[in-house]
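Structural overview for review
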Amino acid sequence: MLFNSFEFLIFLPLVFLGYWFVFQKNLKLQNAFILLASYVFYGWWDWRFLGLIIASSAVDYWCGLRLGQVIARRNDEAISNGGEELPTTHHLPLTTYKNWLKGPKFYLAISLLFNLGLLGFFKYFNFFIESATDFIKLLGFQAHASTLNLILPVGISFYTFQTMSYTIDVYRGKMEATKDPIAFFAFVAFFPQLVAGPIERASNFLPQFFKKREFEYQQGSDGMKLILWGLFKKMVIADNCALVVNPIFENYQTASGLELIMGAVLFSFQIYGDFSGYSDIAIGTAKLFGFDLMTNFRTPYFSRDIAEFWRRWHISLSTWFRDYVYIPLGGSRVSKAKAIRNIFIVFLVSGFWHGANWTFIAWGGIHAALFIPFFVLGKNRAYLDEGRHLIPSLWEVIQILVTFGMVTLAWVFFRSESMGEAIGYFNSFLANPLKEGFRISLYQLPLAAVLLMLTLEWIFRGKQILAFKFPLVRYAGYVGIVMTILFFGAFFNPQDFIYFQF
Amino acid sequence: MKLFLIKGLISAVLLIGFVFGYGRFCDYFFTQKRFLDLSEKKQWVLAQEGGDWDYAILGSSRAFGAFDMNLLDSLTGMKGINIASDGSGFKDNYLILSLFLKSNSIDFLVLQVDDASLNSKESFSNEFHAFRFLPYWNDSQVQSTLKTEIPAYNNEITDLLPEWRYFYFNKYFSPKEVLRRWNNSKIQKDEYSNYAGGKGQSFQRLLDSSADIKIKHSIKTIAPEDWHYLNQLISLAKNKDLKLVAFVAPTFYGDNSFLKESLNELLIPIYFPDDFDDLNPELFYDLGHLNSKGRAEFTPLFAKFISSKI
């Protein structure tokens, strides 16, 4: 079910009313209702893949329970032996295989293998087969690839990462294992963020299922503002940009230089409008049910360097990789060379997470190459503030434009179907930099919409979007956004959310 | 919660009220003859009222630009109207004819058929100009065709609030478009009543694009839905007791063998331009369209055919 669909328009109010008026008195029933609603939401797309979410939830629930029991038993043993309580990550030496099977690492391994196995099978199987075949052919041998016609289950990259964060956090002792299966299953399948994030951390999100939730007007109102803003970004910005961007990328060989620039720039805004729009609707919807999800985007295109960009873009994924990949590899507390290696690994894995294509890996590699100079010079934490001035300085404008330009170049790889297409895109630009054929009228609507979005995001950066101070201005703002969606939203050519494919 | 629900309810009522009101306004405004954009052929056709002609020519741009209507009238001794328009496949033409016949009368219909309109998805950048017919939603043929062809119209929201349909094609029914039509209404000119054909002499475009000849003539399949609407058109003409002939407009290096095979089963008289010199580039504006010289050559040939069928 899409957020911008008629079905969701009916679904959301029904679930909202049931949640607050029928099941409010009983927290367990409320969680069960959320779980049921989430499965309906997901099953609307393809009910067969519900089995995967249920299996993933069940495996991690069981692993979490077993991890909790093993860790508690070992702590008890340590205390009864006169020692102090052991930190949960400190375990008995792996002297025997039997010992390992009883240890927490075993259950963590089951969780990781199961989830990464699911991901590997559905998302990367064909990629590895094809890449291996290509490699064998490159060596001069005969090879025939047998790939499978697999459908990628929507949201699999998101919910597997979310559920893995639970077992890792339990393993690390950052949180206790839950004994409430309904709450846990609802945490994994929570419909607002099930298919495209934000990827929640169990330690932040799961406890919210155990607290009695009361409806708060302000929270609900903030949620509605986010939903409205998210719809604007999706339907006016992203979908209108897509109408211009898709033909340019499909016909890059014959496009003029200016068209190619416009295609890349508008794709930057398309993917931002699409993904951050989805996140806003997800966070806003969660607020309607009394949940607070983590911020996923903080006006990333106002970043003054690439390091700041990565603190503002897809925050839930980048912090996931930081906490569960970068830091375990040693993070920055190792030699400079190893730290650089760690950064490269994280960016490449992050690119690979997006899909089984060398273009995503190249995209990750480019960002690593852009980020590392700041890290080496110790400038990667230069901009931690939001930027306080209404009017930016000339230097800030230059920094923002340069950063945006670099990010946009990398997006060309991300958007291209293959490496050949990405390179062809740049070659075509170099071959035809001033070729005729640019019609500004095609770009007026998306550019005007982007300008409106950037203006409002600049005004409200670091604050609640659309939170105008004066009531009259506020209502005029709401009406203006609704009218913009009605008259400029791409209703006839709605595009799927880009991140559904990941 | 109470305040939230009240505000939510008021917002929803206002939104639905706005959609309803604006939709009703569009129903009125976009069907008024003075606000139709007569420089656009389809709208010019829809603006015709109370006309009585001997024949009408219906089809795509190839039919639109294939005839010198004054010459055809004088050669046949009849009065005709050319209601063909750019980019029109059989879906468009079915609805155009249906609406046209509601307020005009003709004795027989000259229908253009070609490989492009038999596979409109492959041939036209916009295979169906559904938005042109939205203001005529109350017409049962328009409504059922739009519901069949546009899945988003075949749902409960359109049944409950049909005015919503305008926002689906908001580009064509925006306040900006209303203003443009309003301003245009003061300087409207009838550009097609004495239309002698659109494309000029130049065949430079043809020379420029001659490398694409193979591609342009490669469509050799019939899309079932186009075939369906062609038959709908024929049924409509028969139900209205119209005499019906069809023709294939000349194209550069035209190969009509596929069409000759395919159109046999229609059981209507069809003219193929076998006696037209389709190898002479000076008669063409581009690969698929005649220029004024070609029109002057083709019109008498077709007049001979049509006179023999009356």
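Residues numbered from 1 in each chain as written. Chains lettered and ligands numbered in written order. Predicted model: local features only at pLDDT ≥ 70, side-chain atom pairs only at ≥ 80, totals over all residues.

Bringing the overall build of chain A into the picture now. When helices and strands are tallied, chain A shows 18 helices and zero strands. Over its C-alpha atoms chain A spans a radius of gyration of 24 Å, differing by no more than 12% from the 23 Å that the globule rule assigns to 502 residues. Structurally, chain A occupies a C-alpha span of about 80 × 65 × 45 Å along its principal axes. Taken across its 502 residues, chain A has 41% of its residues classed as buried. In chain A, the proportion of contacts linking residues at least 24 apart, taken out of those at least 6 apart, comes to 75%. (Helix = DSSP H or I, 4+ residues; strand = E, 2+ residues; numbered from the N terminus. Rg over C-alpha atoms; globule rule 2.2 N^0.38 Å. Buried ≥ 20, exposed ≤ 12 C-beta atoms within 10 Å, placed from the backbone. Contact = placed C-beta atoms within 7 Å.)

On the side of chain B, twelve residues touch chain A, which itself brings 13 residues to the contact. For the side of chain A that touches chain B, the elements supplying multiple residues, two or more each, are helix H1 (6-22), helix H9 (217-250) and helix H18 (471-488) of chain A. Sort the elements by how many residues they give to the side of chain A that touches chain B and H18(A) lands first, with four residues. Residues of the side of chain A that touches chain B, tallied by class, amount to ten nonpolar, three polar and no charged. (Nonpolar A, V, L, I, M, F, W, Y, C, P; charged D, E, K, R; others polar.)

The next thing to look at is the UniProt feature "transmembrane region" (unreviewed entry) in chain A. Taking the UniProt record as the reference, the feature "transmembrane region" (unreviewed entry) is found at residues 6-22, 106-126, 138-161, 181-199, 360-378, 390-414, 440-460 and 472-492 of chain A. Secondary structure across residues 6-22 of chain A comprises 100% helix and 0% strand; the distance between its end C-alpha atoms is 24 Å. (UniProt positions renumbered as here; feature names shortened; annotations may be inferred.)

Next up on the list: unusual backbone geometry. Positioned with a positive phi, A:Leu466 is a non-glycine residue whose angle comes to about 65 degrees. Structurally, A:Leu466 is set in the loop between helix H17 (444-459) and H18. Despite not being glycine, B:Asp241 has its phi angle at roughly 60 degrees, a positive value. Residue placement: B:Asp241 occurs in the loop between helix H13 (224-239) and strand E4 (243-247).

Moving on: the packing of helix H5 (residues 104-138) of chain A against helix H6 (residues 156-171) of chain A. Residue and element names in this part refer to chain A. Direction vectors running N to C along H5 and H6 enclose 170 degrees, while the axes themselves pass 10 Å from each other. Taken together, the axes of H5 and H6 are roughly antiparallel relative to one another. Listed contacts from H6 to Pro 104, Leu 108, Ser 111, Leu 112, Asn 115, Leu 118, Leu 119, Phe 122 and Lys 123 of H5 are Ile 156, Ser 157, Thr 160, Thr 163, Met 164, Thr 167, Ile 168 and Tyr 171. When grouped by side-chain class, the residues that make up the contact of H5 with H6 number ten nonpolar, six polar and one charged. (Axes fitted to C-alpha atoms, helices over the stretch in contact; angles between N-to-C directions. Parallel < 35°, antiparallel > 145°, perpendicular 65-115°, else oblique.)

Time to look at the pairing of strand E1 (residues 52-58) of chain B. Residues and elements named next belong to chain B. For E1 and strand E3 (residues 105-112), the ladder comprises six bridges, and the chain directions are parallel. Residue pairing in the sheet places Trp 53 in a bridge with Ile 106 of E3. When E1 meets strand E2 (residues 80-82), the two strands line up parallel, connected through three bridges. Across the sheet, the residue bridging to Tyr 55 is Gly 80, located in E2. (Pairing = 2+ DSSP bridges.)

To continue, consider the environment of A:Leu445. All names here are of chain A. Within the secondary structure layout, Leu 445 lies in helix H17. Since 17 C-beta atoms lie within 10 Å of it, Leu 445 is described here as partly exposed. With 418 residues separating them along the chain, Leu 445 and Leu 27 place their C-alpha atoms 47 Å apart.

As a further point, take H6(A). All names here are of chain A. The terminal C-alpha atoms of H6, which comprises 16 residues, lie 22 Å apart, in line with the 22 Å expected from a rise of 1.5 Å per residue. Taking burial as the measure, the 16 residues of H6 include 16 buried ones, the bulk of the element. Two residues or fewer after H6 comes Gly 173, characterised by a positive phi angle close to 75 degrees. (Expected span 1.5 Å × (residues − 1).)

Quick look at the nonpolar core now. Core analysis: the largest hydrophobic core is formed by 126 residues, its most contacted members being A:Leu67, A:Ala186, A:Phe187 and A:Ala189. With residues up to four places along the chain from it excluded, the contact list for A:Phe187 reads A:Ala202, A:Phe205, A:Leu206 and A:Phe209. Counting residues in each nonpolar core, the second largest holds 65 residues, with B:Phe67, B:Tyr94, B:Leu233 and B:Phe284 among its members. (Core = buried A, V, L, I, M, F, W, Y, C linked by C-beta atoms within 7 Å.)

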